[in-house]
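# Reading the structure
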Amino acid sequence: MTNPRIAAVDVGNDALKANFGKMENELYIPNVVAQDMEDRPVIGIEELNDKEVLDNIHIRVHSPALEENNVVYRVGNLATKTTNSTELDPGSSKSEEDQTLIMLFASLALDAVESEAFKAAKNDTIDANYILGTGLPLREVKEGKDVGYRSQLLGSVHQVEFLVTPKHQGKKVNIKFDEVKVYPEGFAAYVNLIMDNELKVINKELINKQILIQDIGGLSTDIAVIRNRNVDDDKAQGFNLGVSESLEQIREEIRSKHGVELDSRRDVVDIITRKNDRHHIMVKGSRTNVHDITDHILLELAKKEYRFLRNVWSKNSQSEICYFVGGGSAVLKDYIKALNNKLDGFNIEFFEDESESIWMMANAYYKLITDFVNKSAKNVKKEEETTAKTK
């Protein structure tokens, strides 16, 4: 039997980020799916295997955990090119959406076919066992939804079949979980702040401080209060507000004012955050500034996020610093900083490396699940030694 492989997967509202094995493989896939036909038409089908895999994920997913089972999907970049693509809606719960599971299974299947951890049988079927570390918003964990989410994954076989996908057409992956750990996202961010990838403590000065972590996602905002190295469950708060609604608003205003149809929220994020030509789009071949649209919408959202911070800090007055994390923080960083300088002057910190903020959860889940595996192995070894001594 093949040893289970470590998977640390953050199914973010904007994109899935995942680390596998000993971090030798990572995946970034926009969180967009679209139901599709089995034989999707491809121009130049003979050259299919020369195309990028991540731009052409086309799969059938079979799992008892899904409400709609045995359905064909386009996933990620390929899904953004259709008129029926779906992104998670504001107010939805990540733990209760088929889309969360489709993204998770797709990432694991891609890792299984591309890594050397598992060997395919003669019929091009791979049996892949994983130990999974993932997470949910604090609000959902406080409501106990992590228990149901974990039980959906354990004890069943989840199959992904690659259809019209470069290099992997016809392959099937049977996914089983030896263990699933579901962590609250706020605590995961804290772990990432104090531990490196070798699980050694860094930033020792943070260990005994009371700190806040404001995680701004696509659909929700979580503010974790960390005291005595743990999340204070009573003080932690979750809000049904993220950047997705504002991104949709920007997308709609650009369409209305300029007649330009952007494929997905991912395109809006790119316009807002890219290094060159930020806040610009092409309109009939001409470079056009849309800062007037992005600015007023993002400023309004930043004001709401800042009110969340002010509210939580007033109830936790001995907090020493607030770290802003998540993809939404990267989008709103400049606006929140400007508001803070003008108003309260809280001690707040952003990650200047935007990719560090975006990958923070996936990296944290990797550290947490690796620590769990290491401790489990030590316990097994101790039990074996004890058994050997009694014989």
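Residues numbered from 1 in each chain as written. Predicted model: local features only at pLDDT ≥ 70, side-chain atom pairs only at ≥ 80, totals over all residues. Heavy atoms only, no water.

## Quick word on the nonpolar core
Residues Val-75 and Tyr-130 are the most contacted members of the largest nonpolar core, which totals 44 residues. Core analysis: the second largest hydrophobic core is formed by 39 residues, Ile-272, Phe-308, Trp-313 and Leu-339 among them. (Core = buried A, V, L, I, M, F, W, Y, C linked by side-chain atoms within 4.5 Å. Buried < 20%, exposed > 50% of the residue type's maximum accessible area, 1.4 Å probe, protein only.)

## A word on the packing of helix 5 (residues 244-258) against helix 6 (residues 265-273)
Between helix 5 and helix 6, the shortest axis-to-axis distance is 9 Å and the interhelical angle comes to 85 degrees. Here helix 5 lies roughly perpendicular to helix 6, going by the angle between them. Counting all contacts with helix 5, which are made through Ser-244, Leu-247, Glu-248, Ile-250 and Arg-251, the residues of helix 6 involved are Arg-265, Val-268, Val-269 and Ile-272. Here the residues of the contact of helix 5 with helix 6 sort into 5 nonpolar, 1 polar and 3 charged. (Axes fitted to C-alpha atoms, helices over the stretch in contact; angles between N-to-C directions. Helix = DSSP H or I, 4+ residues; strand = E, 2+ residues; numbered from the N terminus. Parallel < 35°, antiparallel > 145°, perpendicular 65-115°, else oblique. Contact = heavy atoms within 4.5 Å. Nonpolar A, V, L, I, M, F, W, Y, C, P; charged D, E, K, R; others polar.)

## Looking at the pattern of salt bridges
By the definition in use, this model includes 21 salt bridges. For Arg-265, the salt bridge is made with Glu-248, and the minimal N-O distance between the two is 3.0 Å. Separated by 17 residues along the polypeptide, Arg-265 in helix 6 and Glu-248 in helix 5 bring together distant segments of the chain. Classification of Arg-265 as buried rests on a relative accessible area of 5%. On the accessibility criterion, Glu-248 (30% relative accessible area) is partly exposed. Here Arg-310 and Asp-344 are joined by a salt bridge, their closest N and O atoms 2.8 Å apart. Of the two residues, Arg-310 sits in helix 7 (residues 291-315) while Asp-344 sits in the loop between helix 8 (327-342) and strand 17 (348-349), which places them 34 residues apart along the sequence. Judged by its relative accessible area of 35%, Arg-310 falls in the partly exposed class. Note on Asp-344: relative accessible area 37%, which makes it partly exposed. (Salt bridge = Lys/Arg side-chain N within 4 Å of Asp/Glu carboxyl O.)

## A few points about the packing of helix 1 (residues 98-114) against helix 3 (residues 145-153)
Viewed as axis vectors pointing N to C, helix 1 and helix 3 meet at an angle of 45 degrees, and their least axial separation amounts to 13 Å. Taken together, the axes of helix 1 and helix 3 lie oblique to each other. Here helix 1 and helix 3 pass one another in a crossing that is right-handed. Contacts between helix 1 and helix 3 involve Thr-100, Leu-101, Leu-104 and Phe-105 from the first element and Tyr-149, Gln-152 and Leu-153 from the second. Within the contact of helix 1 with helix 3, the residues separate by chemical class into 5 nonpolar, 2 polar and no charged. (Left-handed = near helix turned anticlockwise from the far one by under 90°.)

## Digging into helix 5
With 15 residues, helix 5 extends 21 Å between its outermost C-alpha atoms, agreeing within 8% with the 21 Å of an ideal straight helix rising 1.5 Å per residue. In this structure, the buried residues of helix 5 make contact with helix 6, strand 14 (280-283), strand 15 (286-289) and helix 7. Directly beyond the C-terminal end of helix 5, a positive phi value near 70 degrees is found at Gly-259. (Expected span 1.5 Å × (residues − 1).)

## Considerations on the side chain of Glu-185
Considering the arrangement of structural elements, one finds Glu-185 in helix 4 (residues 185-194). Polar contacts involving the side chain of Glu-185 include one to the side chain of Lys-94, which spans 2.9 Å. When sequence neighbours within four positions are dropped, the list of residues in contact with Glu-185 reads Lys-94, Gly-135, Leu-136, Pro-137, Asp-215, Asp-222, Met-361 and Tyr-365. (Polar contact = N/O pair within 3.5 Å; in protein donor to acceptor, adjacent residues only side chain to side chain.)

## Quick notes on the environment of Thr-83
The topology assignment puts Thr-83 in the loop between strand 6 (71-75) and helix 1. As for Thr-83 and Val-243, which are separated by 160 residues in sequence, their C-alpha atoms are 22 Å apart.

## So, unusual backbone geometry
The residue Lys-167 is not glycine, and still its phi comes out positive at about 70 degrees. Examined against the element boundaries, Lys-167 turns out to sit in the loop between strand 8 (158-162) and strand 9 (172-184). Taking relative accessible area as the criterion, Lys-167 reaches 47% and is therefore assigned partly exposed.

## Some details on the sheet that holds strand 9
Across the sheet, 9 strands lie side by side as 3-2-1-7-9-8-5-6-4; this open sheet has mixed pairing. Either end of the sheet is taken by a strand with one partner, and the two such strands are strand 3 (25-30) and strand 4 (33-35). On average, adjacent strands in this sheet sit at an angle of 30 degrees to one another, irrespective of strand direction. Across 12 bridges, strand 7 (residues 125-136) lies against strand 9 in parallel orientation. Residue pairing in the sheet places Tyr-130 in a bridge with Phe-177 of strand 9. Contacting strand 7 and strand 9, helix 4 runs over the sheet at an angle of about 85 degrees to strand 9. (Pairing = 2+ DSSP bridges.)

## Focus: the UniProt feature "domain: Alp7A-like C-terminal" (unreviewed entry) in the protein
Per the UniProt record, "domain: Alp7A-like C-terminal" (unreviewed entry) is found at residues 211-349. Regarding residues 211-349, the helix share stands at 47% and the strand share at 24%, and the terminal C-alpha atoms are separated by 11 Å. (UniProt positions renumbered as here; feature names shortened; annotations may be inferred.)

## Topic: the confidence of the model for the protein
Averaged over all residues, the pLDDT of the protein equals 89, while 98% of them reach at least 70. Least confident of the elements in the protein is helix 9 (residues 354-358), whose mean pLDDT is 77; most confident is strand 8, at 97. (pLDDT = per-residue confidence, 0-100.)

## Comments concerning the packing of aromatic side chains
Scanning all chains against the criterion turns up 7 aromatic pairs. Between Phe-20 and Tyr-130, the ring centres sit 6.4 Å apart and the planes meet at 65 degrees, which makes this aromatic pair edge-to-face. Highlighted residues: Phe-20 in strand 2 (residues 15-20) and Tyr-130 in strand 7, separated in sequence by 110 residues. Seen in terms of ring centroids, Phe-324 and Phe-350 are 4.7 Å apart; in terms of plane orientation they differ by 5 degrees. Their pairing is stacked. Taken together, the positions of Phe-324 in strand 16 (residues 321-325) and Phe-350 in the loop between strand 17 and helix 9 put the pair 26 residues apart, joining distant regions of the chain. Assigned by exposure class, Phe-324 and Phe-350 land together as buried. An aromatic cluster of at least three residues, connected via ring pairs, comprises Phe-20, Phe-118 and Tyr-130. (Phe/Tyr/Trp six-rings, centres within 6.5 Å; stacked < 30°, edge-to-face > 60°.)

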